[in-house]
Amino acid sequence: MSTGDAGYIVLSPSDEPRQYPPVQEANTPLLSHEHVVSSGDPRTISIHGGTFTVDPTSHSYSYAYGPKGLAGLKHNKYALLCAFFASIGGLEFGYDQGVIANVLVMNDFIRRWPITPLQKGSMTAVLELGALIGALSGGIHADRYSRGRAIVLACIVFCIGSSFQCFAQSLSHLFVGRAIGGLGVGALSMLSPLYMAEISPPEVRGSLMALEQLSIVLGVVFGFWTGFMTRDIPSSLSWRIPLGIQLIPGIILALGCAFLPPSPRLLVLHGQYDEARRSLSRLRLRDHGDDDENEGQGDLLVQLELLEMKVETTLIQRTLEHELQLEAEAGGDATYLNPAKGGLEAEWRTWKKLFSHRFRGRTWIGVLIMVFQQWSGINALLYYGPTLVHSIGLSGDTVTLLVSGGIGIVQFLAVLPAIVFIDRVGRRVLLRGGGLMMAASHLGIAVLVILFQSDWSAHPLAAWIAVGGIYTFTFAYGISFGPIGWVLPSEVFPLSMRSKGVALSTASNWINNFFIGLLTPVLVNFSAATTFLVFASACVLAYLWATYFIPETANISLEEVDKLFKSAAGRDEAVVRAQIEEELGLTDLVRELAEES
């Protein structure tokens, strides 16, 4: 839904940047196929199963294609299918996390290549470094070409890396394979949620994007238990099989991208309005046109969402023109502002804009949510679950592997209610509640370790209570920072900076993932209690951050999210936006609709 300070029904500009609006679209009946269902204030109109609500006083509006939660996912079944398929990229991410913990302790692997603790940490961390580069480069390819082509390229790179790992004949082959595979995993980890955000209806965007976390967790569970089941095979197949299986979803995703609809927002950014209209109508299952030319024209909600994208694109163009003018007046070379001409310098300047006054607040949201996601301790449990479980007193390989494998199952179960409630209760409520519960869980475990670590065998109940604390933490993470960590970065950036903003946010995930993989063995070896206290402190900071610095982005369109960020730069942009809306006659049209409803 869209609930900005002011909202307007948008008429489409033509392909000429300053010719607004085309006569035919200006005369399109706004109230066709509609009937009033509420005469209150605000007033709601039903449109082909969706709703449009307008406040006659402020002229702000909101809209939805259907209900929220599970009913909304069923109503938007085609978008659900596309988002679920795109989330296979997250499955690859999670599978690698889940499988490596078992591979590194398999008898044949250790006998073949005995590795030092430093090599073990490096084996885990080298993928994160590759993923960091992959995430940043994925943002460039996603804008220059298309989301689908970028995903296919990432899948190819991932499959090359997986082949190196599966058929490795030396330890160096594994390092090379994980580095190359990391490039693909990193790119997929930002491309999948980016595409999912851009195809999702506003009322279920959070639920659809939570599928990314669900897919990651499914990958973790599948990877862990695949390795667990093959660990006793008396040959290299014990670890080659689980490393080779990850090729399958990569190939499926690469081939399936040919059938995914393109992102309508990217098409609008590239000026391909007819293709964007067809893609949006298809995604919303609201094709009421008689031919391709009129596809979606008779549906007010499709018109509204598409034209919101056009308004934002026009705003981006005018902002760029203003920047070019200022640079020219200052006597500088404005070529760098044009990515088509500026090359590497243009790319560098564009990335730097993420830290300008205009975008800085959004950038910190994307970067910090990934910081807190990682330093909550979740990947420390996934990578070194057996080590951490052993530190709280449980012994035996089977017991520790079963307990740490249960972490993935609990996380999977937690994501399910997140999918249902993330759009109903909002992002901030889940983040705050999750932060407090995670902090309490870590603190409780730390206290138990301090009290009983000297003689766990005499206090088995305390050890299992600590395991319960790990599961409680995992559930809290799975319903809060796990899924929302992938939702927020894809929501807060405007269209012009979205791919690069998501790429930088994902890069933050991998940087912190790298340090978690490298430092956790050192911290656990130094003091298990200190390890859990560090994670508890990070969770407390996460709670405070979510309370005081996160705006609520649930149930508003991606275009309207921009109005949540208040700054001088934002006010200047709001003036330009108002001028564009005034040129299009938007204010008068919404007032007319409000009166007639």
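For the structure itself, look to the data block above.
A brief structural summary. (Residues numbered from 1 in each chain as written. Predicted model: local features only at pLDDT ≥ 70, side-chain atom pairs only at ≥ 80, totals over all residues. Heavy atoms only, no water.)

1. A closer look at the environment of Gly271
Right, so step 1: By the element assignment, Gly271 lies in the loop between helix 12 (264–269) and helix 13 (273–284).
Right, so step 2: Along the sequence, Gly271 and Lys310 sit 39 residues apart, while their C-alpha atoms lie 8.9 Å from each other. (Helix = DSSP H or I, 4+ residues; strand = E, 2+ residues; numbered from the N terminus.)

2. So, the packing of helix 3 (residues 77–86) against helix 8 (residues 171–199)
Packed helix pairs are specified by the crossing angle of their axes together with the interaxial distance, meaning the distance between the axes.
Right, so step 1: For the pair helix 3 and helix 8, the least separation of the axes is 9 Å and the interaxial angle reads 170°. The orientation of helix 3 with respect to helix 8, classified from their angle, is roughly antiparallel. The residues of helix 8 that touch helix 3, namely those facing Ala79, Cys82, Ala83 and Ala86, are Ser192, Tyr195, Met196 and Ile199.
Right, so step 2: Its residues assigned to classes, the contact of helix 3 with helix 8 shows 7 nonpolar, 1 polar and no charged. (Axes fitted to C-alpha atoms, helices over the stretch in contact; angles between N-to-C directions. Parallel < 35°, antiparallel > 145°, perpendicular 65-115°, else oblique. Contact = heavy atoms within 4.5 Å. Nonpolar A, V, L, I, M, F, W, Y, C, P; charged D, E, K, R; others polar.)

3. Let's talk about the nonpolar core
Right, so step 1: Counting 97 residues, the largest nonpolar core has Leu191, Ile369, Leu431, Phe481, Leu488 and Trp510 as the members making the most contacts within it.
Right, so step 2: No other element matches helix 8, which puts 10 residues into this core.
Right, so step 3: Membership of the second largest hydrophobic core comes to 18 residues, among which are Ile47, Leu267, Tyr273 and Leu280. (Core = buried A, V, L, I, M, F, W, Y, C linked by side-chain atoms within 4.5 Å. Buried < 20%, exposed > 50% of the residue type's maximum accessible area, 1.4 Å probe, protein only.)

4. Some remarks on helix 9 (residues 205–230)
Right, so step 1: Its 26 residues place the ends of helix 9 38 Å apart at the C-alpha level, agreeing with the 38 Å of an ideal helix rising 1.5 Å per residue.
Right, so step 2: Among the 26 residues that make up helix 9, 22 are buried, leaving the element largely enclosed by the rest of the structure. (Expected span 1.5 Å × (residues − 1).)

5. Concerning the pattern of salt bridges
Right, so step 1: Going through the model one piece at a time under the given rule, you end up with 11 salt bridges.
Right, so step 2: Between Asp108 and Arg111 there is a salt bridge, with the nearest N and O atoms lying 3.5 Å from each other. Of this pair, Asp108 and Arg111 both sit in helix 5 (residues 107–112), 3 residues apart, which is roughly one turn of the helix.
Right, so step 3: By relative accessible area, which is 8% here, Asp108 ends up buried.
Right, so step 4: With relative accessibility at 59%, the residue Arg111 sits in the exposed group.
Right, so step 5: Of the charged contacts, one joins Glu305 and Arg265 as a salt bridge, the two residues approaching to 3.4 Å between their closest N and O atoms. Separated by 40 residues along the polypeptide, Glu305 in helix 14 (residues 300–329) and Arg265 in helix 12 bring together distant segments of the chain. Like Arg265, Glu305 is buried.
Right, so step 6: The network of salt bridges with shared partners includes Arg205, Asp423, Arg427 and Glu491. (Salt bridge = Lys/Arg side-chain N within 4 Å of Asp/Glu carboxyl O.)

6. So, the side chain of His442
Right, so step 1: Relative to the helices and strands, His442 is located in helix 19 (residues 427–452).
Right, so step 2: If sequence neighbours within four positions are ignored, His442 has contacts with Ser376, Phe473, Phe532, Phe535, Ala536 and Cys539.

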